[in-house]
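An overview of the molecular structure
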Amino acid sequence: MNTENLAELRTEDLGAGVVKRATTLADGRDLIYYDDPGTTLGAERAVDARTLDPRPETATMRLDVLTGDWITVAANRQNRVMMPSASADPLAPQTPDNPSEVPSRYDVAVFENRSPAFGPALAEALGTAPAATNPARGLDDLGALGLGRTRTSVGRCEVVCFSPEHSGSFGTQTVTRARTVIEAWADRTAALSKLPGIEQIFPFENRGEAIGVTLPHPHGQIYAYPYVTPRTTRLLDSIDRTAPDLFQHILEFEQASERMVFRGEHWTAFVPFAARWPLEVHLMPHRHVPDFAETTDAERDELAPLYLRLLRGVDALYDSPTPYIAAWHQAPVNVGRESVRLHLQLTSPRRAADKLKFLAGSEAAMWAWAAEVTPEQGAARIREAIERAAADESSSRSTDGEVSA
């Protein structure tokens with residue numbers, strides 16, 4: 001065997017039999033493989049032998065003094081790849097004809113985005129990441145208002161490839177693969193939370209061209225922000241004005257309502273009382289847990305099939321795949337750990353088979369929402385769709401000669 005063509009790997013055993021193998025790409029970006037339990041892949045991985053341009057300069061954030069929001073200006077993102085063919089898929093394993101981002105065959109792969117909105121600079125130099133020239137100096141500095149304020153957009157943007165296949169989504173994966181991705185989310189949440197200057201970690205999946213997806217490959221992303229995001233800031237304010245266990249009150253309120261979609265041992269799915277979108281579902285753990293890194297093996301084990309059940313039901317609503325944003329909200333790194341609970345917010349702009357909800361004047365300009373579908377109607381439709389999807393899957397397994405689960 002020619003060991004010169006093999007990457008140096010840092011290997012670690014994780015939960016559920018998942019094996020982590022970490023290395024770097026040709027330009028120094030982190031690349032981590034997460035192998036399924038019982039994977040057919042070998043232990044070796046190929047070296048990334050590409051000749052790559054230097055990484056772009058870290059973007060700059062500008063303060064909107066009217067709202068207190070920080071706006072990242074990342075011109076390097078203008079030239080991203082748009083809906084490539086399978087032969088030019090940048091998230092597929094490399095071939096002689098496709099110098100993609102991942103050198104080897106993989107089960108799940110995570111790597112630093114080549115065109116990030118945040119990073120590669122950090123508040124302090126670490127590994128191949130340089131120190132930012134003008135990082136934020138804590139949450140008080142970020143919260144101060146003033147004209148013309150700028151800071152470096154320190155942080156990290158990572159791509160999470162759910163599969164080496166060219167097309168699909170999280171919902172098209174097996175339970176085993178879903179469990180591997182969940183283990184990767186937990187591992188990356190823990191690692192990114194330790195980076196200098198990071199305040200919040202956000203795993204998410206954009207699905208469908210109607211959402212603005214630029215790659216059909218089944219993948220999600222993880223953002224590590226240098227600030228607490230505006231939505232979470234408003235959430236912290238609501239907690240301060242109500243109760244530190246607000247999420248527990250919400251969970252119990254929704255579990256007793258007709259908006260509940262399903263309930264497991266550790267997780268409950270429901271359409272929220274004041275849902276904004278035509279399709280909106282939340283999935284919440286039954287105990288307080290701030291982020292994926294602090295979930296138990298039992299919670300992760302149950303989440304894999306329950307989350308797939310939800311996503312396949314959402315796809316069964318219409319004859320074509322449903323566009324959505326699957327947003328996993330986690331507690332900030334340094335504040336709100338005892339009150340902000342991990343939860344999924346799954347939303348779709350599709351309000352009918354051939355109609356989308358667009359954010360026009362009132363919603364986009366004034367942040368004043370008007371919902372066209374009642375949350376109770378939405379929950380009933382999703383429950384029915386989940387039942388249809390389960391019945392279709394059971395019928396398909398029986399037809400194929402398999403035993404239905």
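Residues numbered from 1 in each chain as written. Predicted model: local features only at pLDDT ≥ 70, side-chain atom pairs only at ≥ 80, totals over all residues. Heavy atoms only, no water.

Some words on the overall build of the chain
How we decide: Working definition: helices are DSSP H or I runs of at least four residues, strands are E runs of at least two. Numbering for both runs from the N terminus. C-alpha atoms define the radius of gyration in this analysis, and the globule rule sets the expected value at 2.2 Å times the number of residues to the power 0.38. When accessible area is computed with a 1.4 Å probe and restricted to protein chains, residues below 20% of their type maximum are described as buried, those above 50% as exposed, and intermediate ones as partly exposed. Between two residues, a contact is recorded if the distance between any of their heavy atoms is within 4.5 Å. In this charge count, Lys and Arg are treated as positive and Asp and Glu as negative; neither His nor the chain ends contribute. Positions of charges follow a simple convention, taking NZ of Lys, CZ of Arg, CG of Asp or CD of Glu.
From N to C terminus, the chain includes 7 helices and 17 strands. The C-alpha radius of gyration computed for the chain amounts to 21 Å, which stays within 12% of the reference 22 Å derived for 405 residues, consistent with globular compactness. Overall, the chain is about 65 × 60 × 40 Å in size when its C-alpha atoms are taken along their principal axes. With 405 residues in all, the chain has 52% of them scored as buried. Restricting to contacts in the chain with at least 6 residues of sequence separation, those with at least 24 account for 66%. Positive and negative side-chain charges of the chain, numbering 41 and 56 respectively, have mean locations separated by a distance of 4 Å.

Describing the environment of threonine 176
Take threonine 176: it is sitting in helix α2 (residues 175-193). Those residues within four positions of threonine 176 in sequence are excluded, and the remaining contacts are Asp36 and Pro37.

A look at the side chain of threonine 295
Filter applied, for reference: Here a polar contact is recorded for every N or O atom pair within 3.5 Å, except that within protein the pair must consist of a potential hydrogen donor and a potential acceptor, and residues adjacent in sequence are included only if both atoms are side-chain atoms.
If you trace the backbone, threonine 295 turns up in the loop between β13 (279-285) and α5 (297-315). You can call threonine 295 buried: its relative accessible area is 7%. A distance of 2.6 Å separates a polar atom in the side chain of threonine 295 from the backbone oxygen of phenylalanine 292.

Re the sheet that holds strand β7 (residues 150-152)
Selection rule: When DSSP finds two or more bridges between two strands, those strands count as paired. With axes taken as lines fitted to C-alpha atoms, and helix axes fitted only over the stretch in contact, angles between N-to-C directions fall between 0 and 180 degrees.
Taken in spatial order, the 3 strands line up as β5-β4-β7 in an open sheet, and their pairing is antiparallel. At either end of the open sheet lies a strand with only one pairing partner, and these are β5 (69-73) and β7. Strand after strand, the sheet turns through a mean of 35° between neighbouring axes, direction not considered. Across 5 bridges, strand β4 (residues 60-64) lies against β5 in antiparallel orientation.

A look at α5
We apply this condition: How far a helix is expected to stretch is found by multiplying one less than its residue total by 1.5 Å. One axis fitted to the seven residues ending at a residue, another fitted to the seven starting there: the angle between these axes is the bend at that residue.
Between the first and last C-alpha of α5 there are 28 Å, a value that for 19 residues agrees with the 27 Å anticipated at 1.5 Å per step. Considering bend angle alone, the principal kink of α5 is centred on leucine 303 and spans about 30°; proline proline 305 follows within four residues of it. Glu299, Arg300, Glu302, Leu303, Ala304, Leu306, Tyr307, Leu308, Leu310, Leu311, Gly313 and Val314 are the residues of α5 that are buried.

Quick notes on the packing of aromatic side chains
Selection criterion: Note on ring pairs: Phe, Tyr and Trp rings are taken, using the six-membered ring of Trp, and paired if centres are within 6.5 Å. Classes follow the plane angle, with under 30 degrees stacked, over 60 edge-to-face and the rest tilted. Our definition puts a charge over a ring when NZ of Lys or CZ of Arg is within 6 Å of the ring centre and also within 35 degrees of the ring normal.
All told, the structure shown has 18 aromatic pairs when counted by the stated rule. Both rings, one in phenylalanine 253 and one in phenylalanine 273, keep their centres 5.8 Å apart while their planes meet at 70°; by these two values the pair is edge-to-face. Remark: phenylalanine 273 occurs in the loop between β12 (267-270) and β13 and phenylalanine 253 occurs in helix α4 (residues 246-255); sequence separation between them is 20 residues. In this structure, arginine 309 packs its charged tip against the face of phenylalanine 262, placed 4.6 Å from the ring centre.

Things to note about the environment of arginine 341
Tracing the chain through its elements places arginine 341 in the loop between β14 (324-329) and β15 (343-348). Note on arginine 341: relative accessible area 4%, which makes it buried. Separated by 10 residues in the primary sequence, arginine 341 and alanine 331 have C-alpha atoms spaced 6.3 Å apart. Beyond its immediate chain neighbours, meaning those up to four positions away, arginine 341 contacts Phe247, Gln248, Leu251, Met284, Pro285, His286, Arg287, His288, Val289 and His329. Within the local environment of arginine 341, its side chain forms a polar contact with the side chain of glutamine 248, the two groups lying 2.8 Å apart. A distance of 3.0 Å separates a polar atom in the side chain of arginine 341 from the backbone oxygen of proline 285.

Some details on the nonpolar core
Heads up, the rule is: As used in this record, nonpolar core signifies buried Ala, Val, Leu, Ile, Met, Phe, Trp, Tyr and Cys residues forming a set joined through side-chain atoms within 4.5 Å.
If you look at the biggest cluster of nonpolar residues, it comprises 56 residues, and the most contacted ones within it are Phe170, Trp185, Leu283, Tyr307, Leu310 and Trp328. With 8 residues, α5 is the single largest residue contributor to this core. In contact with phenylalanine 170, other than residues within four places in its own chain, are Phe162, Ala178, Val181, Trp185, Glu205, Tyr307, Leu308, Leu311 and Tyr324. Residues Leu63, Ala136, Phe202 and Ala327 belong to the second largest nonpolar core, which totals 14 residues.

Side note on the sheet that holds strand β2 (residues 19-24)
Two orientations exist for strands paired in a sheet by backbone hydrogen bonds: parallel and antiparallel. Taken together, 12 strands build an open sheet; the order of strands is β1-β2-β3-β6-β8-β10-β9-β14-β15-β13-β12-β11 and the sheet is antiparallel. Whereas interior strands pair on both sides, the edge strands pair on one side only; in this sheet they are β1 (10-13) and β11 (260-263). For this sheet, the mean inter-axis angle between neighbouring strands, taken without regard to orientation, is 20°. Bridging between β1 and β2 involves 4 bridges; their strand directions are antiparallel. Counterpart to glutamate 12 in the pairing with β2 is lysine 20.

With respect to the pattern of salt bridges
Opposite charge on two side chains lets them pair, provided their charged atoms get close. Stated precisely, the cut-off is as follows: The term salt bridge refers to a pairing of a side-chain nitrogen on Lys or Arg with a carboxyl oxygen on Asp or Glu at a separation within 4 Å.
Counted under the stated rule, the structure contains 32 salt bridges. For the salt bridge of aspartate 301 with arginine 179, the shortest nitrogen-to-oxygen distance reads 2.7 Å. Of the two residues, aspartate 301 sits in helix α5 while arginine 179 sits in helix α2, which places them 122 residues apart along the sequence. Here arginine 179 falls in the buried class, since its relative accessible area comes to 7%. Sharing partners across several salt bridges, the network here consists of Asp30, Arg55, Glu112, Arg156, Glu158 and Arg188.

Let's talk about the pairing of β13
In summary, the side chains of a regular strand alternate between the two faces of the sheet. For β13, the tally of buried residues reaches 7 of 7 residues, placing the bulk of the element in the interior. Taking every second residue as pointing to the same face, both faces of β13 are buried, with Leu279, Val281, Leu283 and Pro285 on one and Glu280, His282 and Met284 on the other. In this structure, β12 lies alongside β13, joined through 4 bridges in antiparallel fashion. Each bridged residue has a counterpart across the sheet, and for phenylalanine 270 the counterpart in β13 is histidine 282. In terms of strand pairing, β13 meets β15 through 5 bridges, oriented antiparallel. Opposite valine 281, over in β15, you have leucine 346 as the bridge partner.

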